[in-house]
Amino acid sequence: MAVDNALQRVDELLLSIAESAVPLLRQTSQHILGAGGKRVRPRLLLLSFEAAGGVDFDEAIPLAAAVEIIHTATLVHDDINDHGTLRRGRETVNSRWGGTYALLTGDYLFTRTYELMAPYSTELNRILARASTALVEGETMQIQAAREGTFDAATYFEIISRKTAALFVACAELGATAANPPTAWVSALSQYAFNLGIAFQLIDDVLDLASDSAHLGKNAGIDIAQGRGIAVALQSAGASDGKSSAAVEVKNNLSHDALQEAILGGYTVEDAIAKGRAKAQDFADQALAQLDHLPLSAASAALRDLAHQVIERDH
Ligand code: FPP
Ligand code: MG
């Protein structure tokens, strides 16, 4: 079975997960899971499985569904925190159903992964559990740093390592470990995924600055307004006290341009876009270098392509 066929099966499994006996949860889950998405994480998991010698995708499909469900749960919760109104080209769950039902939808999706993971080993369950914890830690650190005006470059790296790269690492480790290969291959795929995850989030933040909501299918241009993201992190690296100058307490009174000036000082959004892209390329190169430790195969070639796609994506 080719990876694309396996991804189709993952999508079918996702939609069956949305079949709650409670109509409200069924509607909200179908709304967000049925909206599609890039499915980068399940693709990474399935390709890691194949690159590590896995043959029968049936062994990895529930794992791929589990990581996509956790990712989707975090987006539903993230949109509550960020007051997002648009996700995957649709109205957010919090916007249509309100924060309480969005909270419960994220909880519902998250808890459904227990059942998917139950047949797997303690080792695989532990990998996903650690990543789930890291996601919550990363989101919490981000909100705290933005609120307290301490969003500097080092904090930014810690945040994106947890809120994004940790789940990428889990995808690679789950897929690879399920194929039972030599440990050096799992380690190479894990490091590939960490670097890919950092590159992915850097580009995500670049697109927040460089693109628009209609194109992204989610709210663009909110990072600076919320005192976070690549531009704020890079600006702080040049600031004398090493702290972000995020104008947290005055942001509601400023126009978009004035807010940008208050937060970024002399630093421009164009600088941030260019530096963000260059840094993302560095991390993608690090990811690609790890693939040299794996045998050549169609799957390892597809992982190479994935790193290029992550850098070149425009949404
Ligand atoms: C998107 O970031 C958010 C994340 C990658 C992680 C969010 C994590 C939580 C809300 C913790 C909850 C965890 C569980 C397990 C339910 P972003 O706001 O930069 O991206 P966006 O532009 O796509 O909104
Ligand atoms: Mg968000």
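The structure this text deals with has already been given above.
Computed from a predicted model, the values in this text were never measured in an experiment. (Residues numbered from 1 in each chain as written. Chains lettered and ligands numbered in written order. Predicted model: local features only at pLDDT ≥ 70, side-chain atom pairs only at ≥ 80, totals over all residues. Heavy atoms only, no water.)

## Considerations on the overall build of the protein
Then step 1. Along its length, the protein carries 14 helices and 2 strands.
Then step 2. Relative to the compact-globule value of 20 Å for 315 residues, the protein shows a C-alpha radius of gyration of 19 Å, a close match.
Then step 3. Each principal axis of the C-alpha distribution contributes one length, and for the protein these read about 55 × 50 × 30 Å.
Then step 4. Per-residue burial over the protein gives 52% buried out of 315 residues.
Then step 5. Pairs at least 24 apart in sequence give 74% of the contacts found in the protein among residues at least 6 apart.
Then step 6. For the protein, the computed accessible surface area is about 13700 Å², with 52% contributed by carbon and sulfur atoms. (Helix = DSSP H or I, 4+ residues; strand = E, 2+ residues; numbered from the N terminus. Rg over C-alpha atoms; globule rule 2.2 N^0.38 Å. Buried < 20%, exposed > 50% of the residue type's maximum accessible area, 1.4 Å probe, protein only. Contact = heavy atoms within 4.5 Å. Areas by Shrake-Rupley, 256 points an atom, 1.4 Å probe, with all protein chains shown as cover.)

## So, helix α3 (residues 40–51)
Then step 1. Over its 12 residues, α3 runs 16 Å from end to end, which matches the ideal 16 Å to within 8%, given 1.5 Å per residue.
Then step 2. Buried residues dominate α3, accounting for 10 of its 12 residues.
Then step 3. Contacts made by the buried residues of α3 are with α1 (3–17), α4 (61–82), α8 (153–178), α9 (183–210) and α14 (298–312). (Expected span 1.5 Å × (residues − 1).)

## A short note on the coordination of the magnesium ion (ligand 2)
Then step 1. In this structure, Asp78 (OD) and Asp82 (OD) serve as the protein donors to the magnesium ion (ligand 2), at separations of 2.0 to 2.1 Å. Placement of the pair is Asp78 and Asp82 together in helix α4, with a separation of 4 residues, close to one helical turn.
Then step 2. Take Asp82: its relative accessible area is 9%, and that puts it in the buried class. (Donors = N, O, S within 2.8 Å, 3.2 Å for Na, K, Ca; no water.)

## Some thoughts on the site of ligand 1
Then step 1. Near ligand 1 lie 14 residues; those nearest to it are Asp78, Asp82, Arg87, Lys163 and Lys218.
Then step 2. Here Arg87 contributes a side-chain N or O atom positioned 2.7 Å from an oxygen atom of ligand 1.
Then step 3. Side-chain polar atom of Lys163 to an oxygen atom of ligand 1: 2.6 Å apart, as the coordinates give it.
Then step 4. Burial of ligand 1 by the protein chains amounts to 92% of its free accessible area of 630 Å².
Then step 5. Broken down by element, the shell around ligand 1 gets its largest block of residues, 4 residues, from α4. (Near = heavy atom within 4 Å. Polar contact = N/O pair within 3.5 Å; in protein donor to acceptor, adjacent residues only side chain to side chain.)

## Topic: the pattern of salt bridges
Then step 1. As enumerated under the stated definition, the model contains 16 salt bridges in all.
Then step 2. For Arg87, the salt bridge identified is with Asp79, shortest N-O distance 2.8 Å. Here Arg87 matches Asp79 in class, with each residue buried.
Then step 3. Residues joined by salt bridges that share partners form a network here, namely Asp11, Arg39, Glu68 and Arg88. (Salt bridge = Lys/Arg side-chain N within 4 Å of Asp/Glu carboxyl O.)

## What about the environment of Asp271?
Then step 1. If you trace the backbone, Asp271 turns up in helix α13 (residues 269–290).
Then step 2. Residue classification places Asp271 among the partly exposed residues on the basis of a relative accessible area of 33%.
Then step 3. With 37 residues separating them in the primary sequence, Asp271 and Leu234 have C-alpha atoms 9.0 Å apart.

## Description of the nonpolar core
Then step 1. Counting 94 residues, the largest nonpolar core has Leu44, Leu46, Leu174, Tyr192, Leu196 and Leu303 as its most contacted members.
Then step 2. Here this core takes 13 residues from α9, the largest share from any one element.
Then step 3. Apart from the residues lying within four places of it in its own chain, the contact partners of Leu174 are Leu45, Leu63, Val67, Met117, Leu124, Ile127 and Leu128. (Core = buried A, V, L, I, M, F, W, Y, C linked by side-chain atoms within 4.5 Å.)

## Re unusual backbone geometry
Then step 1. Phi at Arg39 is positive, roughly 55°, even though this residue is not glycine.
Then step 2. Along the chain, the position of Arg39 falls in the loop between α2 (23–33) and α3.

## Section: the packing of α3 against α4
Then step 1. Running from N to C, α3 and α4 cross one another at 150°; their axes reach a closest spacing of 8 Å. Put simply, α3 runs roughly antiparallel to α4. Considering only the axes of α3 and α4, their crossing is right-handed. Contacts between α3 and α4 pair Arg41, Pro42, Leu45 and Leu46 from the former with Ile61, Leu63, Ala64, Val67, Glu68 and His71 from the latter. (Axes fitted to C-alpha atoms, helices over the stretch in contact; angles between N-to-C directions. Parallel < 35°, antiparallel > 145°, perpendicular 65-115°, else oblique. Left-handed = near helix turned anticlockwise from the far one by under 90°.)

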